[in-house]
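Structure assessment
Residue-level listing of the chains:
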2 protein chains.
Amino acid sequence: MKQIESIKESGGYLNRYEHESSSCHCKMTFSVYLPPRATTGKVPALYWLSGLTCTDDNARTKAGMQRYAAEHGIALIFPDTSPRGDDVPDEVDRYDLGQGAGFYVNATRSPWNKQFHMYDYVTQELPELLEANLPILANVRAISGHSMGGHGALICALKNPDSYRSVSAFSPICHPTESAWGKGCFTAYLGDDIQTWQEYDATELVRNGAKVKDILIEQGGADEFYDEGQLLPEDFQAACDSNGQALTLRVQDGYDHSYHFIATYVGEHIAYHAAALKA
Amino acid sequence: MKQIESIKESGGYLNRYEHESSSCHCKMTFSVYLPPRATTGKVPALYWLSGLTCTDDNARTKAGMQRYAAEHGIALIFPDTSPRGDDVPDEVDRYDLGQGAGFYVNATRSPWNKQFHMYDYVTQELPELLEANLPILANVRAISGHSMGGHGALICALKNPDSYRSVSAFSPICHPTESAWGKGCFTAYLGDDIQTWQEYDATELVRNGAKVKDILIEQGGADEFYDEGQLLPEDFQAACDSNGQALTLRVQDGYDHSYHFIATYVGEHIAYHAAALKA
């Protein structure tokens, strides 16, 4: 991995790196915020998965997370949202399929199946790379994200309950099998057999017995995509209730789907993760 | 004025408005953050002037100011950085002249002199409009800004010491008469007579006897534009020292010119202004 940028913020450093990804078979870019505490020892890490259209830059620029990470002494990891580049397939007229829309799955259908392996990338390749090369503690990970990235955080944790100390999400796509965004990407990346989708659907995973210690979800009450039925937190709540999965779902009156909502509550989420990471 | 957007953040509302500006003779867009306290009474206001290339959106999205404004109960005002639109002159190949680069002066030279009256706009028209139409206290104003906007904040306060309770700046263009950015804009907007530039130059204003109670400046020690000689805080410091102007100039080791620097220290600046606004 090669460092291509370093910006000081809140006493630590917001760095950007490039590397050749073995999972995605292309050059990938990601950002890491290293808090001041990382200069004197290894720190735990919170992985943040972003939503449709984002790169590694959006959350680090708009969410205001770095000050809290500095305070709690945890690193923030911002992966990209898909493989990217001229040699990577895309649907240029669509924001919700192809580049910028990896959906954190391992694609099995052509032309996506060569490179769209974001699930392996964020759960295995990237943590191993970072823990080998940066002052980041091995296997002391938490995960969160927004919208498509909230879906990603939920499935990564539910499928790997021993890999993450804690999981939270903002406005996650909770039941992609039943949402237009999810159906579009799952059909393209995984094919028509809905059985194969269940492996990457948080609601279906819980229905099928996946379990983690606790889940925190923040949802805006005036979120336009919630109203459209893209997010379906009520389906996830029902699955959790039926299967004894602990869930704190907070619907916050008047908030929309934007980073202004994330910025409002991300401090509480980072404190939640920091407590688990240091337990 | 017409409200065109409203986003909930930190319990308050980040609103965007359009109006026909009498100073700038075009439609202008600006944003206002109203803290929760504004629902039950009028609140003081901090004006934030942004830098080259910005609109009203940059600071509200990237600086992370809203949470502090909510906490202290003060409104944030984000004007645009110039007149804008198809009927407004521009230098489309330049980022540092024309639209996005109003420099907070009243232009006297054609073709800029019809609409580039940002000084009148931010010191008179906008405050009067807001204090008449929003829950904002009359004449309880503070001002800050970044780079070109830091220059703007300094000159607005120095030229109107009774209009602002406090002034601060991040990485301001302290001596535009001696900086490439300043020379370019002042020549275009004000003409070749350098005497006329002194009215809009913080260092020259202090040299000529302007005075405010106190000034707080935050400067990144690794700021690329500081190294280029665009900002010249040392000239301003010398002028303040010679003329008995109180100044706290803090050079912060390792920080650049970006919003990541602002985000690091803006909480301290808002606390500084809040203390003055409530005194």
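Presented here is a report on the structure given in the accompanying data block.

Rules used throughout
Residue indices begin from 1 for each chain and proceed along its sequence in written order. All chains are assigned letters beginning with A, and all ligands numbers beginning with 1, in the order in which they are written. In keeping with the predicted nature of the model, local features appear solely for residues at pLDDT of at least 70, side-chain atom pairs appear and are counted solely at 80 or more, and the whole-chain, interface and lining totals rest on all residues. Only hydrogens and water are set aside when side-chain values are computed; all heavy atoms of the structure are taken into account. Copies overlap after least-squares fitting; the atoms used are the C-alpha atoms of residues with pLDDT of at least 70 in both. Only heavy atoms enter the contact rule, under which two residues are in contact if any of them lie within 4.5 Å. Only protein chains enter the accessibility calculation, which uses a 1.4 Å probe; a residue whose area is less than 20% of its type maximum is buried, one above 50% is exposed, and one in between is partly exposed. Secondary structure elements are taken from DSSP: a helix is a run of H or I of four residues or more, a strand is a run of E of two residues or more, and numbering for both begins at the N terminus. What the arc describes is the spread of directions from the helix axis to the C-beta atoms. Each of two parts loses accessible area, computed with a 1.4 Å probe, when they are put together; buried area is these two losses added. We count a salt bridge whenever a side-chain nitrogen from Lys or Arg sits within 4 Å of a carboxyl oxygen from Asp or Glu. In protein, a polar contact means a hydrogen-donor-capable atom and an acceptor-capable atom, both N or O and within 3.5 Å, with residues adjacent in sequence counting only if both atoms are side-chain atoms; elsewhere, any N or O pair within 3.5 Å suffices. Side-chain classes follow a simple rule in which Ala, Val, Leu, Ile, Met, Phe, Trp, Tyr, Cys and Pro form the nonpolar group, Asp, Glu, Lys and Arg form the charged group, and the remainder, Gly included, forms the polar group. One bridge is not enough; two strands pair if DSSP finds at least two bridges between them. A fitted line through C-alpha atoms serves as each axis, taken over the contacting stretch for helices, and the angle formed by two N-to-C directions is quoted from 0 to 180°.

A few words now on the relation of the copies chain B and chain A. If you rotate chain B by 180 degrees and push it 0.0 Å along the axis, it lands on chain A with an RMSD of 0.0 Å. Between the two chains, the operation in question is that of a two-fold axis. Among all residues of chain B, the minimum C-alpha distance to the rotation axis is found for K62(B), at 2.5 Å. Comparing interface residues between copies, 100% of those in chain B also lie at the interface in chain A; the contact surface is shared.

Residues and elements named next belong to chain B. Regarding helix α5 (residues 180–190), the residues found buried are W181, G182, C185, F186, A188, Y189 and L190. Across the axial projection of α5, the buried residues extend over an arc of 165 degrees, all falling on one side. Contact partners of the buried residues in α5: α4 (148–159), α6 (194–197) and α8 (224–227).

Below, the discussion takes up the environment of T203(A). All names here are of chain A. Along the chain, the position of T203 falls in helix α7 (residues 202–207). Judged by relative accessible area, T203 falls into the buried class, the value being 0%. Separated by 26 residues in sequence, T203 and T177 place their C-alpha atoms 8.9 Å apart. Setting aside its immediate chain neighbours within four residues, T203 contacts C174, H175, D235, F236 and A239.

The next point concerns the interface of chain B and chain A. With 22 residues of chain B at the interface, the matching set in chain A holds 22 residues. For the pair chain B and chain A, the two sides together bury roughly 1,800 Å², of which 47% comes from carbon and sulfur. Broken down residue by residue, the surface that chain B buries against chain A is led by K8(B), R67(B) and H260(B), which jointly contribute 37%. Counting across the chain B and chain A interface gives zero salt bridges. There are 12 residue pairs in polar contact (both at pLDDT 80 or more) connecting chain B and chain A. Class assignment for the residues of the side of chain B that touches chain A results in six nonpolar, nine polar and seven charged.

Moving on, we get to the sheet that holds strand β1 (residues 2–9) of chain B. All names here are of chain B. Judged by pairing direction, the sheet is mixed, and its nine strands sit side by side in the order β1-β2-β3-β5-β4-β6-β7-β8-β9 without closing on themselves. Every other strand in the sheet has two partners, leaving β1 and β9 (248–252) as the edge strands with one partner each. Neighbouring strand axes in the sheet, compared pairwise and without regard to direction, differ in orientation by 20 degrees on average. Docked against the sheet, helix α3 (residues 118–133) engages β2 (12–21), β3 (26–34), β4 (43–49), β5 (75–78), β6 (136–145) and β7 (164–170), running at close to 145 degrees with respect to β6. The sheet contacts of helix α10 (residues 259–277) involve β4, β5, β6, β7, β8 (216–220) and β9, and relative to β7 the element is tilted by about 170 degrees.

Here we take up the sheet that holds strand β7 (residues 164–170) of chain A. To summarise the sheet geometry, strands pair through backbone hydrogen bonds and adopt either a parallel or an antiparallel arrangement. Residue and element names in this part refer to chain A. Taken together, the nine strands give an open sheet; going across it, the order is β1-β2-β3-β5-β4-β6-β7-β8-β9, and neighbouring strands pair in mixed fashion. Of all strands in the sheet, those bounded by a partner on one side alone are β1 (2–9) and β9 (248–252). Taken pair by pair, the neighbouring strands of this sheet meet at an average axis angle of 20 degrees, ignoring direction. Sheet topology places strand β4 (residues 43–49) next to strand β5 (residues 75–78); three bridges connect them, and they run parallel. Following the sheet pairing, Y47 is matched in β5 by I77.

Right, let's talk about the environment of K42(A) for a bit. Residue and element names in this part refer to chain A. Summarising the element assignment, K42 is placed in the loop between β3 (26–34) and β4. Separated by 89 residues in the primary sequence, K42 and E131 have C-alpha atoms spaced 9.2 Å apart. Leaving out residues up to four positions away in the same chain, K42 has contacts with E131, P135, I136 and L137.

This paragraph deals with the pattern of salt bridges. Pairing is possible between side chains of opposite charge, provided their charged atoms come close. This model, assessed by the stated rule, comprises 26 salt bridges over all chains. Across the salt bridge formed by D96(A) and R94(A), the nearest N and O atoms sit 3.1 Å from each other. Residue R94(A) is classed as partly exposed on the basis of its relative accessible area, which comes to 38%. Residues E204(B) and R207(B) are paired through a salt bridge, measuring 3.0 Å at the closest nitrogen-oxygen approach. Pair noted here: E204(B) and R207(B) are both in helix α7 (residues 202–207), with a separation of three residues, about one helical turn. Judged by relative accessible area, which is 43%, R207(B) ranks as partly exposed. Taken together, the salt bridges that share partners define one network made up of E5(A), R16(A), D56(A), D57(A) and R60(A).

So, about unusual backbone geometry. Along the chain, S110(A) connects to P111(A) via a cis peptide bond; the corresponding omega equals 0 degrees. By secondary structure assignment, the location of P111(A) is in the loop between β5 and α3 (118–133). One non-glycine residue, L232(B), lies in positive phi territory at about 55 degrees.

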